[in-house]
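Read off the chains here:
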Amino acid sequence: MNHRAEVKGIGVGLDAEGGSVPAVILHARNEYLPIVITSDQAQAIQLALSGEPFERPLTHDLLVDMITEFGGAIDTIRIDDLSDGTFFAKIDAERYENGEPKTFVFDARPSDAVALAVRVDCPIVVSDEVLDEAGQPPERFDVGEPSEGPDDVDF
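Residues numbered from 1 in each chain as written. Predicted model: local features only at pLDDT ≥ 70, side-chain atom pairs only at ≥ 80, totals over all residues. Heavy atoms only, no water.

The name given to the chain in an unreviewed UniProt entry is BFN domain-containing protein, with Halogeometricum limi as the source organism.

A. Representation of the pairing of strand β6 (residues 100–108). In terms of strand pairing, strand β5 (residues 86–97) meets β6 through nine bridges, oriented antiparallel. Bridging across to β6, Glu-97 finds its partner in Glu-100. Adjacent in sequence and paired antiparallel, β5 and β6 are bridged by two residues, among which Asn-98 carries a positive phi angle near 55°. (Pairing = 2+ DSSP bridges. Helix = DSSP H or I, 4+ residues; strand = E, 2+ residues; numbered from the N terminus.)

B. Expanded view of the pattern of salt bridges. Under the criterion given, the structure shown has nine salt bridges. The closest approach of N and O atoms between Arg-29 and Asp-132, which form a salt bridge, is 2.9 Å. You can see Arg-29 sitting in the loop between β2 (20–28) and β3 (31–36) and its partner Asp-132 sitting in helix α4 (residues 128–134), a full 103 residues away along the chain. When the shortest N-O distance is used, the salt bridge between Asp-112 and Arg-109 registers 2.9 Å. Among the ionic contacts, a cluster of salt bridges with common partners joins Arg-29, Glu-31, Asp-128 and Asp-132. (Salt bridge = Lys/Arg side-chain N within 4 Å of Asp/Glu carboxyl O.)

Written out as structure tokens, the structure reads:
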């Protein structure tokens, strides 16, 4: 079964050496799912969540513009697998040809998939298998003070 997820924000955790590591924090099935990402991906997601315009299109903005211009749309993002600590995602998209929908599925890094989802406001879903393996109880997270944007989360 898949569960609809909400992006809670960008979190910061500590790696084995005590250094900071960014993660996108998803909330699904009453659990948090932290997915470690790069600082560039964190910035791309945070900019989209905050609605801040960027001077020039970022890669994800460019991809959305190209997909739209070619008559396509991103329908759903699925985070559906986890293997050896690596999350896997799929992007479900469609395009109409001669009035008939043609569906496409693209393999993606979860960070790229989430960065696209927050730009096009499409659903993000997470499988039970992923949540069973990596979901965390909310009390393990320190959610920052409420603000107009997404929460700051420490894990």
